[in-house]
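# Understanding the architecture of this molecule
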Amino acid sequence: MKIGVVTFPGTLDDRDAARAVRLAGGEAVSLWHADTNLHDVDAVVLPGGFSYGDYLRCGAIAAQAPVMQTIIEKANEGLPVLGICNGFQVLVESHLLPGGLIRNEHQHFICRDQKLIVENVDTAWTSEFTLGQEITIPLKNGEGGYIADQETLKRLEGENLITFRYSEVNPNGSMNNIAGLRNARGNVVGLMPHPEHAVEPGFGPDTSIAMRSGVDGLKFFTSVLKSLVEA
Amino acid sequence: MPKIIVEVMPKADLLDPQGKAVGNSLKRAGHSVATVRIGKRIELHYANTPTAAELEAAKQIAADFLSNGVIEDVVSITVEA
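Notes on the structure in this doc start here. (Residues numbered from 1 in each chain as written. Chains lettered and ligands numbered in written order. Predicted model: local features only at pLDDT ≥ 70, side-chain atom pairs only at ≥ 80, totals over all residues. Heavy atoms only, no water.)

### Overview of unusual backbone geometry
Residues and elements named next belong to chain A. Note the following rule: Under the DSSP-based scheme used, a helix requires at least four consecutive residues in state H or I and a strand at least two consecutive residues in state E, with every element numbered from the N terminus. Type-normalised accessible area, obtained with a 1.4 Å probe on protein chains alone, sets the label of each residue: buried when under 20%, exposed when over 50%, and partly exposed for intermediate values.
Of note, His39 is a non-glycine position whose phi angle comes to about 50 degrees, a positive value. Along the chain, His39 falls in the loop between strand 2 (27–32) and strand 3 (43–46). His39 sits in the partly exposed class, given a relative accessible area of 34%. At His95, a position not held by glycine, the phi torsion is positive, near 65 degrees.

Pasting the structure below:
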């Protein structure tokens, strides 16, 4: 199974995302921002970073990139797409997910191991989790405060589209503790924290068992590979 | 050069951290400024005076790309010949 990882100018975590794909057992394919061809990939990851220097608004210019026009079209046809951090910002700017992300409430850039509650497992990227499971993956952002109007929030809650909520601490002032969302179909998921940084023992968050042994992020990638095999 | 000037402001009910920081600094310096909000001025330059169609296109660009309706408002679009 081939999973495309998009690189925009200013993307930082494309290599880590590609490595996560390989560790989960998939083949990672590099996709370039100027490319309109997705090279027959079965799913796409929009990794974190600062695409186009966060100019205009985080993710706004990336949302206009040639590769995104194809991704938007295919995502609407069911292609699994995961947006991480800046990738989540690209998804909201592309209108594949609703709402917006603004500067953290306390105005600081945060970098911490973050506990999340898995709120929805009926997606291509979360099927290997159990509902209500608590996971820990790194969070690092300056503009991660999720906002939406009351009507949208009501719809997100009512239609079960909230996929991850911050647990214990709300690190950035996100409304309803929203850390990640899915679309109605469940093929598109976006979240601020970084699953690709918690996929290999020795390099992940600390756990009660051992330092840096957390690999909760790996299930995002094994979930999508499994959903592709079953599809 | 003829231009269309688009001004974008963060929505009134949203926290504007830049404005807040500048406002605090002004207050610390003893000024009587109550609050500060910071937005963006974007100039679109044209070779010739923009036509009605170009102005319409600029309004679309302002709504779709230069601003995000979830967090910002386009507060003015003016033509400067």
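### A short note on the side chain of B:Ser67
Residues and elements named next belong to chain B. This is how it is decided: A 3.5 Å cut-off defines polar contacts: any pair of N or O atoms within that distance qualifies, except that in protein one atom must be a possible hydrogen donor and the other a possible acceptor, and neighbouring residues in sequence count only when both atoms are side-chain atoms.
Its place among the elements puts Ser67 in the loop between helix 2 (52–66) and strand 3 (72–80). Classification of Ser67 as buried rests on a relative accessible area of 5%. At a separation of 2.8 Å, a polar atom in the side chain of Ser67 contacts the main-chain carbonyl oxygen of Ala62.

### Structural notes on the interface of chain A and chain B
To keep it simple, the criterion reads: It only takes one pair of heavy atoms within 4.5 Å for two residues to be counted as in contact. Accessible area that two parts lose when put together, evaluated with a 1.4 Å probe and summed over both, is termed the buried area. Put simply, a salt bridge is a Lys or Arg side-chain nitrogen that is within 4 Å of an Asp or Glu carboxyl oxygen. In this classification, the charged set is Asp, Glu, Lys and Arg, the nonpolar set is Ala, Val, Leu, Ile, Met, Phe, Trp, Tyr, Cys and Pro, and all remaining amino acids, among them Gly, are polar.
Listed by partner, the interface residues are 15 residues for chain A and 13 residues for chain B. The junction of chain A with chain B conceals about 1,100 Å² of combined surface from both sides, 64% of it contributed by carbon and sulfur atoms. For the pair chain A and chain B, the interface holds one salt bridge. Where chain A touches chain B, the interface holds four residue pairs in polar contact (both at pLDDT 80 or more). Examining the composition of the side of chain A that touches chain B, we find that three residues originate from one element, strand 5 (residues 100–102) of chain A, more than from any other. Among the residues making up the side of chain A that touches chain B, the classes are represented as seven nonpolar, four polar and four charged.

### So, the packing of helix 1 (residues 14–23) of chain A against helix 5 (residues 218–230) of chain A
Residues and elements named next belong to chain A. Under the convention used in this document: For helices, the fitted line uses only the C-alpha atoms of the stretch in contact; every axis is such a line through C-alpha atoms, and the angle between N-to-C directions lies from 0 to 180 degrees. Relative orientations are named as follows: roughly parallel for angles under 35 degrees, roughly antiparallel for angles over 145 degrees, roughly perpendicular for angles from 65 to 115 degrees, and oblique for any other angle. For any pair of crossing helices, the crossing counts as left-handed if the nearer helix is rotated counterclockwise from the farther one by less than a right angle, and right-handed if it is rotated clockwise.
Between helix 1 and helix 5, whose axes approach to 9 Å, the crossing angle comes to 60 degrees. Classified by the interaxial angle, the pair formed by helix 1 and helix 5 is oblique. With respect to the hand of their crossing, helix 1 and helix 5 are arranged in right-handed fashion. Contact with helix 1, carried on its side by Ala17, Ala20, Val21 and Leu23, involves Leu218, Phe221 and Leu225 of helix 5 and no other residues of that element. Among the residues forming the contact of helix 1 with helix 5, the class breakdown is seven nonpolar, no polar and no charged.

### Description of the layout of surface pockets
Quick reminder of the rule: Lining residues are those with an atom within 4 Å of a point, where the points come from a 1 Å grid over the protein atoms alone and group into cavities, where a 1.4 Å probe fits but cannot get out, or pockets, open sets with protein on both sides within 12 Å along at least five of seven lines. Grid points are joined across faces, edges and corners, and a volume is the space filled by probe spheres set on the points.
Each pocket or cavity is described by its volume, and for the largest pocket that value is around 770 Å³. Secondary structure elements with two or more residues in the lining of the largest pocket: helix 3 (86–93), strand 5 and strand 8 (145–147) of chain A together with strand 1 (3–10) and helix 1 (17–28) of chain B. Classifying every residue of the lining of the largest pocket gives 16 nonpolar, nine polar and nine charged.

### Overview of the environment of A:Leu12
All names here are of chain A. Relative to the helices and strands, Leu12 resides in the loop between strand 1 (2–7) and helix 1. Counting along the chain gives 183 residues from Leu12 to Pro195, while the straight-line C-alpha distance between them is 14 Å. Residue contacts for Leu12: discarding those within four places in its chain leaves Gly48, Gly49 and Phe50.

Worth remembering: the numbers are spatial, not functional.
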